[in-house]
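Coordinates in review
Here is how the chains run, residue by residue.
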Amino acid sequence: MTAADCPAVAALIRRAFAAQSAPTDPPPSALRDTEASGCAHLAAGGGAVAYATGRIVGSVMWEPKDGGLYLERLAVDPAWRGQGIARALVGAAEAAATLTGEQRLHLGTRLVLTNNRRLFAACGFVEIAQHAHPGYAAPTWVEMVKRLEPRGTLR
């Protein structure tokens, strides 16, 4: 992903998060993403995009945070879901983490988005804690982590 991708990625993120499998409360902050906020996320770490039919149909961004590489804004165009794009983007983030020596990937996803939780579990993430957004008494999101093998480790 490059800065030139930021306008298309911001539009994709808004479109993808508006078409979530279940309504979320509070609404996702991703619905307010702009070219500028996308470029800020990218500058903080990195990102990857997936192309099909000459346009961006998936994206993910990441940044070093809390002792690992934090995945954020994983988005797949609703018309392209179910084709392995999200898994490929998680794989790109894992490759970036390995190259930079990070030993874990971590992310947060909403509790009610069971499809997202299943996807991340299938990619090797485990749920480690539940949290509430500010102003909410009950948990609204789950923290997930995937441990990575140190670079150069033989399998």
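Refer to the structure above for everything that follows.
For the structure given in this document, a descriptive report is provided here. (Residues numbered from 1 in each chain as written. Predicted model: local features only at pLDDT ≥ 70, side-chain atom pairs only at ≥ 80, totals over all residues. Heavy atoms only, no water.)

1. Considerations on the environment of Arg104
By the secondary structure assignment, Arg104 is in strand S4 (residues 104-110). You can call Arg104 buried: its relative accessible area is 13%. Along the sequence, Arg104 and Gly68 sit 36 residues apart, while their C-alpha atoms lie 5.0 Å from each other. In this structure, Arg104 is in contact with Asp66, Gly67, Gly68, Leu69, Val145, Lys146, Arg147 and Leu148, ignoring residues within four places of it in sequence. A polar contact is formed between the side chain of Arg104 and the backbone oxygen of Asp66, at a distance of 2.6 Å. Looking at Arg104, its side chain comes within polar contact range of the main-chain oxygen of Gly67, at 3.5 Å. (Helix = DSSP H or I, 4+ residues; strand = E, 2+ residues; numbered from the N terminus. Buried < 20%, exposed > 50% of the residue type's maximum accessible area, 1.4 Å probe, protein only. Contact = heavy atoms within 4.5 Å. Polar contact = N/O pair within 3.5 Å; in protein donor to acceptor, adjacent residues only side chain to side chain.)

2. As for the packing of helix H1 (residues 6-18) against helix H2 (residues 35-44)
It is the contact of H1 with H2, at a shortest axis distance of 8 Å, that shows an interaxial angle of 105°. What the angle tells us is that H1 and H2 run roughly perpendicular. Each of Cys6, Pro7 and Ala10 in H1 lies in contact with H2, whose residues at this interface are Glu35, Gly38, Cys39 and Leu42. When the residues that make up the contact of H1 with H2 are grouped by side-chain class, the tally is 5 nonpolar, 1 polar and 1 charged. (Axes fitted to C-alpha atoms, helices over the stretch in contact; angles between N-to-C directions. Parallel < 35°, antiparallel > 145°, perpendicular 65-115°, else oblique. Nonpolar A, V, L, I, M, F, W, Y, C, P; charged D, E, K, R; others polar.)

3. Structural notes on the pairing of strand S2 (residues 55-65)
Counting buried residues along S2, 8 of its 11 residues qualify, which places the element largely inside the surrounding structure. The sheet contact formed by strand S1 (residues 46-52) and S2 spans 7 bridges and is antiparallel. Considered in S2, the bridge of Ala52 is made with Arg55. Where S1 hands over to S2, the hairpin turn is made up of 2 residues, of which Thr53 adopts a positive phi near 50°. Relative to strand S3 (residues 68-76), S2 runs antiparallel, the two sharing 7 bridges. Following the sheet pairing, Pro64 is matched in S3 by Leu69. In this structure, the hairpin formed by S2 and S3 is closed by a connection of 2 residues, where Asp66 is found at a positive phi of approximately 50°. (Pairing = 2+ DSSP bridges.)

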